[in-house]
Amino acid sequence: MAYSNFKQTFWSKHIQTELKKAAVLVNNCDMEFEDEVKYGNSVKILGVAKPTIGDYTGKDIEIETPEDSSVYLEITEQKYFAFEVDDVDKAQSKPGLMEKLMGESKEALSNTREKFVGSMAKQAGKILKPEAIKTTAAAKQAIDEAMQELYENDVNIDDIIIELPPFVWQLMRDKYIEIDTNNSKMLKTGKMGYYNGAKVFMTNQLHYEEGTGWYAMVRTKRAIAFASQINDVEAFRPERRFSDAVKGLDVYGAKVIRPKELCAICCKKS
């Protein structure tokens, strides 16, 4: 076989690593469950209720048995890629060639993951629907209201993440956002700066109505859980072809597990 030396495990890990580098919305999720992912399965997310705080008077104290507040994350998505190459083994022997061939697949997979996480906005504990956001003042008012919602749910400012579609970012950037110009590595991850101490990210994957409607999300990293796995990256010889091909399967799921730590804003230009 022409692809007898295909590095299946290496390329699976390579794509998974590159997907994390390319992500914005996904990287702002709780991702502690990566090793347990199979399509159709449920991942148990352990949770424990907060204890009651009582007054100590020197007498016997009440001892609680904490309730199990675990939830289940369903692995619902399966996305694949497949592309043709003359000779997989030769491509692997040329530095950088397979990385470039895998790159377009990685980009497409990343976009589908990001859009899926963006769709979690509709499960937010609160969804704000302001008038069309045409001005900086309107954008600021909506973001401030969303942040206030999280403050009232006992969220610390250091834990807040703001994710904005490009047109809202443009309205806010010059006047209110402290631009993170000194850290090019952070800029590559979509982190653009700070607003009132909260980290600000820009992304184009928050559509709820293609072309006219977007969400902005104000949340914590604990609000949405995400789990994924690149499965079955394989080289094969298609029938009726004189070339090799590579295919791969990406499985994942996402769930809002702390809705009170997620406030979404419906944003329209007009």
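Residues numbered from 1 in each chain as written. Predicted model: local features only at pLDDT ≥ 70, side-chain atom pairs only at ≥ 80, totals over all residues. Heavy atoms only, no water.

Details of the overall build of the protein chain
Basically, it comes down to this: Working definition: helices are DSSP H or I runs of at least four residues, strands are E runs of at least two. Numbering for both runs from the N terminus. We call a residue buried when its accessible area falls under 20% of the maximum for its residue type, exposed when it is over 50%, and partly exposed in between, using a 1.4 Å probe and counting protein chains only. Any two residues whose heavy atoms approach within 4.5 Å at even a single point are treated as in contact.
Across its full length, the protein chain holds six helices and 13 strands. Considering the protein chain as a whole, with its 270 residues, one finds that 43% of them fall into the buried category. Put simply, 77% of the contacts in the protein chain that link residues at least 6 apart link residues at least 24 apart.

Some remarks on the confidence of the model for the protein chain
The criterion, for reference: Confidence scores labelled pLDDT are given residue by residue by the predictor and lie between 0 and 100.
For the protein chain, per-residue confidence averages 86 on the pLDDT scale, and 89% of positions sit at 70 or higher. When the elements of the protein chain are averaged for pLDDT, helix α6 (residues 184–188) gives the smallest value, 51, and strand β5 (residues 161–164) the largest, 96.

Observations regarding helix α1 (residues 8–22)
Definition in use: Under the convention used throughout, the expected extent of a helix is 1.5 Å for every residue step, that is, one less than its residue count.
For α1, spanning 15 residues, the distance from its first C-alpha to its last is 21 Å, which sits close to the expected 21 Å at 1.5 Å a residue. Those residues of α1 lying buried are Trp11, Ser12, His14, Ile15, Gln16 and Leu19. Those residues of α1 hidden inside the fold are in contact with β3 (77–85), α2 (88–93), α3 (97–118), β11 (224–236) and β12 (244–256).

Concerning the state of the cysteines
Heads up, the condition is: Note that a disulfide, as used here, is simply two cysteine sulfur atoms within 2.5 Å.
Counted according to the given criterion, the structure contains zero disulfides. With no disulfide of its own, Cys266 lies 7.4 Å from the sulfur of Cys267, the closest cysteine sulfur. Overall, Cys266 belongs to the buried group, its relative accessible area being 12%.

Concerning the packing of aromatic side chains
As a reminder, the rule being used: Only Phe, Tyr and Trp rings are paired, with Trp represented by its six-membered ring, and only when their centres lie within 6.5 Å; those with planes under 30 degrees apart are stacked, over 60 edge-to-face, the remainder tilted. Both a distance and an angle decide whether a charge sits over a ring: NZ of Lys or CZ of Arg must be within 6 Å of the ring centre and within 35 degrees of the ring normal.
If you walk through the whole model with that rule in mind, you get six aromatic pairs. With centroids separated by 6.2 Å and ring planes inclined at 15°, the aromatic side chains of Phe81 and Phe83 adopt a geometry described as stacked. Per residue, the accessibility class of Phe81 equals that of Phe83, and both read buried. Taking the ring centre of Phe10 as reference, the NZ or CZ of Lys7 above it sits at 6.0 Å. Its end group placed over the ring of Phe236, Lys247 keeps NZ or CZ at 4.8 Å from the ring centre.

Section: the pattern of salt bridges
Note the following rule: Put simply, a salt bridge is a Lys or Arg side-chain nitrogen that is within 4 Å of an Asp or Glu carboxyl oxygen.
Under the defined criterion, the tally for this structure stands at ten salt bridges. A salt bridge links Lys140 to Asp144; its shortest N-O distance comes to 2.7 Å. In this pair, Lys140 and Asp144 both sit in helix α4 (residues 136–151), four residues apart, roughly one turn of the helix. For Asp144, a relative accessible area of 25% corresponds to the partly exposed category. Among the charged side chains, a network of salt bridges with common partners joins Arg222, Arg258 and Glu261.

So, the nonpolar core
The criterion, for reference: Definition used in this section: a nonpolar core is a set of buried Ala, Val, Leu, Ile, Met, Phe, Trp, Tyr and Cys residues joined via side-chain atoms within 4.5 Å.
Formed by 27 residues in total, the largest nonpolar core has its most connected members in Ile143, Ile162, Leu164 and Ile265. Secondary structure elements with two or more residues in this core: α4, β5, α5 (166–173), β7 (191–195), β8 (198–202), β10 (213–219) and β13 (262–268). Of all the elements, α4 adds the most residues to this core, at six residues. Among all residues touching Ile265, those that are not within four sequence positions of it are Leu128, Pro130, Ile133, Ala142, Ile143, Ala146, Trp214, Tyr215, Ala216 and Val218. The next biggest cluster of nonpolar side chains, apart from the first, holds 21 residues, and it includes Phe116, Ala121, Leu206 and Phe226.

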